[in-house]
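Listed here are the chains, written in short residue letters.
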Amino acid sequence: MEPKARTELRQLAARGTHEWEAIAAILDAGLLASVGFSVDGQPFVLPMLYGRAGRTLYLHGAASARIMTVLGGAIPVCVSVTLVDGMVLARSAFNHSMNYRSVVAFGTARTIEDPRAKLSALRALSEHMLAGRWDDVRGPNRSELAQTAVLAMDIEEASAKVRNGPPIDDEADLPRPTWAGVLPLSTVAAAPVADPQLRPGIALPSYLENAGEAGRS
């Protein structure tokens with residue numbers, strides 16, 4: 001994406017990029033976004049699940065929630081997604097860091113009113129959380145759809161930053177008898193736990209069979 005004032009990379013610019021492919025990959029790997037906006041001069045940042053279709057992000061919540069009305073009122077929104085991949089342990093306290101992947105995106109949120117468009121956005125949200133799940137469940141009925149507000153935010157500007165690799169220590173600290181390196185971190189799914197009310201004979205769906213063997217990357 002073309003860099004603009006809001007996404008100009010200043011601090012540690014070498015770690016950043018405006019390439020859409022890199023931005024999309026991080027968005028697709030994340031699960032939770034921090035959604036920032038301002039109302040009457042008061043800033044808010046909310047954690048929200050999201051989905052993506054092309055360069056549009058989807059958010060949802062209760063239609064009765066004031067915040068969904070505010071966000072859907074065509075106001076500027078900033079969305080941030082961060083994945084922490086490891087603790088970088090250096091020989092000095094100053095040079096400790098994190099390996100991470102992050103995206104900051106800007107746009108204007110709008111409420112989706114058309115029922116078919118809402119269903120499409122909700123499918124994107126569901127498939128982002130767990131691919132294959134939408135086709136396995138009952139979709140929202142008319143009442144549930146009316147109770148749900150769905151927002152779309154076209155990404156106008158975005159940038160990504162990535163830090164990976166070992167610590168960067170001062171040469172004078174290298175002889176210190178201090179362990180240095182990276183403690184990798186990842187989000188890993190454990191073995192699925194069945195609902196106590198699950199009917200006998202219902203097999204684990206294929207999209208969950210290997211869920212505990214790999215992290216979200």
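Being a predicted model, the structure only gives us computed values, none of them experimental.

**As for the overall build of the chain**
No. 1: Counting its secondary structure elements, the chain contains five helices and nine strands.
No. 2: Secondary structure elements in the chain, listed N-terminal to C-terminal, are β-α-β-β-β-β-α-β-β-α-α-β-β-α.
No. 3: In terms of its C-alpha atoms, the chain occupies a principal-axis envelope of roughly 65 × 50 × 30 Å.
No. 4: For the chain, buried positions account for 35% of its 217 residues.
No. 5: For the chain, the proportion of contacts with a sequence separation of at least 24, taken over those separated by at least 6, is 72%.
No. 6: Summed over all atoms, the accessible surface of the chain reaches about 13200 Å², with 56% contributed by carbon and sulfur.

**A few points about helix α3 (residues 115-129)**
Residues spaced three or four apart along an α-helix point in a common direction, a consequence of the helix completing one turn every 3.6 residues.
No. 1: Under the 1.5 Å per step criterion, the end-to-end length of α3 is 21 Å for 15 residues, consistent within 8% with the ideal 21 Å.
No. 2: Within the sequence span of α3, burial applies to K118, A121, L122, A124, L125, S126 and H128.
No. 3: The secondary structure elements touched by the buried residues of α3 are α1 (20-29), β3 (42-49), β4 (51-53), β5 (56-62), α4 (142-146) and β8 (148-163).

**Considering the nonpolar core**
No. 1: Grouped together as the largest cluster of nonpolar side chains are 31 residues, with contacts concentrated most on V35, L71, V77 and I155.
No. 2: For this core, the secondary structure elements donating two or more residues are α1, β2 (32-39), β5, α2 (66-71), β6 (73-89), β7 (97-111) and β8.
No. 3: Core analysis: the next-biggest nonpolar cluster, separate from the first, contains ten residues, I112, L122, L145 and V150 among them.

**So, the environment of A121**
No. 1: Along the chain, A121 falls in helix α3.
No. 2: The exposure class of A121 is buried, given its relative accessible area of 0%.
No. 3: Considering only alpha carbons, one finds A121 and V150, 29 residues apart in sequence, at a separation of 7.4 Å.

**Quick notes on a nonpolar patch on the surface**
No. 1: Together, V84, M87, M98, L183 and L185 make up an exposed nonpolar region whose accessible area comes to about 370 Å².
No. 2: If you trace the backbone, L183 turns up in strand β9 (residues 181-184).

**Some points on α1**
No. 1: If you check which residues of α1 are buried, you get W20, I23, A24, I26, L27 and A29.
No. 2: Those residues of α1 that are buried lie in contact with β4, β5, β6, β7, α3 and β8.

**Side note on the pairing of β6**
No. 1: Where β2 lies against β6, three bridges are found, and the strand directions are antiparallel. For S34, the partnering residue across the bridge sits in β6 and is S80.
No. 2: Both β6 and β7 contribute to a ladder of 13 bridges, which runs antiparallel. The residue bridging P76 from the neighbouring strand is T108, located in β7.
No. 3: Where β6 and β9 come together, four bridges link them in antiparallel fashion.

**Some words on the environment of R163**
No. 1: Locating R163 in the fold gives a position in strand β8.
No. 2: According to the relative accessible area criterion, R163 is buried, its value standing at 4%.
No. 3: Considering only alpha carbons, one finds R163 and L32, 131 residues apart in sequence, at a separation of 20 Å.
No. 4: Other than its neighbours up to four places away in sequence, R163 contacts R15, V88, S97, M98, N99, Y100 and I168.
No. 5: There is a polar contact of 3.1 Å between the side chain of R163 and the backbone oxygen of P166.

**Some details on the pattern of salt bridges**
No. 1: Applying the stated rule across the entire model yields seven salt bridges.
No. 2: Two residues, R110 and D154, come together in a salt bridge whose shortest N-O distance is 3.1 Å. Of this pair, R110 sits in strand β7 while D154 sits in strand β8, and the two are 44 residues apart along the sequence.
No. 3: Residues D135 and R123 are paired through a salt bridge, measuring 3.1 Å at the closest nitrogen-oxygen approach.

Basis of the calculations
- Residues numbered from 1 in each chain as written.
- Predicted model: local features only at pLDDT ≥ 70, side-chain atom pairs only at ≥ 80, totals over all residues.
- Heavy atoms only, no water.
- Helix = DSSP H or I, 4+ residues; strand = E, 2+ residues; numbered from the N terminus.
- Buried < 20%, exposed > 50% of the residue type's maximum accessible area, 1.4 Å probe, protein only.
- Contact = heavy atoms within 4.5 Å.
- Areas by Shrake-Rupley, 256 points an atom, 1.4 Å probe, with all protein chains shown as cover.
- Expected span 1.5 Å × (residues − 1).
- Core = buried A, V, L, I, M, F, W, Y, C linked by side-chain atoms within 4.5 Å.
- Patch = residues over 30% accessible without salt bridge, like charges linked within 9 Å, V, L, I, M, F, W, Y side chains within 5 Å.
- Salt bridge = Lys/Arg side-chain N within 4 Å of Asp/Glu carboxyl O.
- Pairing = 2+ DSSP bridges.
- Polar contact = N/O pair within 3.5 Å; in protein donor to acceptor, adjacent residues only side chain to side chain.

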